[in-house]
Amino acid sequence: MADAPGLQHIGLVGDTYTVLLSGKDTAGKFCLIDMHIPPGGGPALHRHDFEETFVLLEGEMVATFRGEKSTVKTGQTVHIPANAPHMFHNASDGNVRLLCMCVPAGLEEFFAQIGVPVATRTTPPPEPTPEEMQVFLKRAGELAPKFKTELLKEA
């Protein structure tokens, strides 16, 4: 399904997110995103004013939830309640693939506004220059509140 024609593939700081179902498809109730995380990838510490659930389809990742790290393996599910600080990181040598469901929808729109379109669910985004990364971080920080997201600093 993630390789079906017409799906939106978004490159975001080394990772690639494919929107399987957007808020437009679900009357805003939820979104479903197929996430491809290469070795070393994954988002920095953040939180949302909505619930998020991850199902690990392939690989192994380290998830940090409310300051506690755990290893998540293929077939496991992680549920993040609203406003809980979290992050995940692919510390393995292989790719990680996971499904992310957000309730309600909206995160997919944030990704579309700060990411770049790429060709497929595994196409890596272009490597940003240091200047481009500064612009990205500034834009992400400015847009995050609109999408009920807060980017946090690690302790």
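Residues numbered from 1 in each chain as written. Predicted model: local features only at pLDDT ≥ 70, side-chain atom pairs only at ≥ 80, totals over all residues. Heavy atoms only, no water.

*Asks:* Got a minute to help me understand the overall build of the chain in this structure?
*Replies:* Each helix and strand in the chain was counted, giving two helices and 12 strands. The N-to-C order of helical and strand elements in the chain reads β-β-β-β-β-β-β-β-β-β-α-β-α-β. Its C-alpha atoms give the chain a radius of gyration of 14 Å, near enough to 15 Å, the size a compact globule of 155 residues would have. In terms of its C-alpha atoms, the chain occupies a principal-axis envelope of roughly 35 × 35 × 35 Å. Taking all 155 residues of the chain together, 39% fall into the buried category. Counting only contacts in the chain whose residues sit at least 6 apart along the sequence, the fraction spanning at least 24 positions is 71%. Looking at charge distribution, the chain has the averaged site of its 13 positive side-chain charges lying 5 Å from that of its 19 negative ones. (Helix = DSSP H or I, 4+ residues; strand = E, 2+ residues; numbered from the N terminus. Rg over C-alpha atoms; globule rule 2.2 N^0.38 Å. Buried < 20%, exposed > 50% of the residue type's maximum accessible area, 1.4 Å probe, protein only. Contact = heavy atoms within 4.5 Å. Lys, Arg positive; Asp, Glu negative; His and termini not counted. Charge placed at Lys NZ, Arg CZ, Asp CG, Glu CD.)

*Asks:* Looking at this structure, I do not really get the packing of helix H1 (residues 107–114) against helix H2 (residues 130–143). What am I missing?
*Replies:* For any two helices packed against each other, one specifies the inter-axial angle together with the distance between the axes. At a minimum axis separation of 10 Å, H1 and H2 run at an interaxial angle of 150°. By the angle between their axes, H1 is roughly antiparallel relative to H2. The handedness of the crossing between H1 and H2 comes out as right-handed. From H1, Phe 110, Gln 113 and Ile 114 reach across to H2, where they touch Phe 136, Arg 139, Ala 140 and Leu 143. Grouping the constituent residues of the contact of H1 with H2 by class yields five nonpolar, one polar and one charged. (Axes fitted to C-alpha atoms, helices over the stretch in contact; angles between N-to-C directions. Parallel < 35°, antiparallel > 145°, perpendicular 65-115°, else oblique. Left-handed = near helix turned anticlockwise from the far one by under 90°. Nonpolar A, V, L, I, M, F, W, Y, C, P; charged D, E, K, R; others polar.)

*Asks:* Would you mind showing me how to read the pairing of strand E1 (residues 8–12) here?
*Replies:* If a strand is regular, its side chains alternate between the two faces of the sheet. Burial within E1 is extensive, with four of its five residues counted as buried. Looking at chain direction, E1 and strand E2 (residues 15–21) are connected through five bridges and run antiparallel. Counterpart to Leu 12 in the pairing with E2 is Asp 15. Hairpin connection, E1 to E2: the antiparallel pair is bridged by two residues, and Val 13 has positive phi, about 45°. (Pairing = 2+ DSSP bridges.)

*Asks:* So what exactly am I meant to see when it comes to the pairing of strand E6 (residues 60–65) here?
*Replies:* Alignment of E6 against strand E7 (residues 68–73), held across six bridges, turns out to be antiparallel. Residue pairing for E7: Val 62 is matched across the bridge by Thr 71. Pairing geometry for E6 and strand E9 (residues 86–89), over four bridges, is antiparallel. Across the sheet, residue Val 62 finds its bridge partner in E9, namely His 89.

*Asks:* I'm lost on the side chain of Thr 64 in this one. Help?
*Replies:* Checked against the element boundaries, Thr 64 lands in strand E6. Apart from residues lying up to four places away in sequence, Thr 64 is in contact with Lys 69, Pro 85, His 86 and Met 87.

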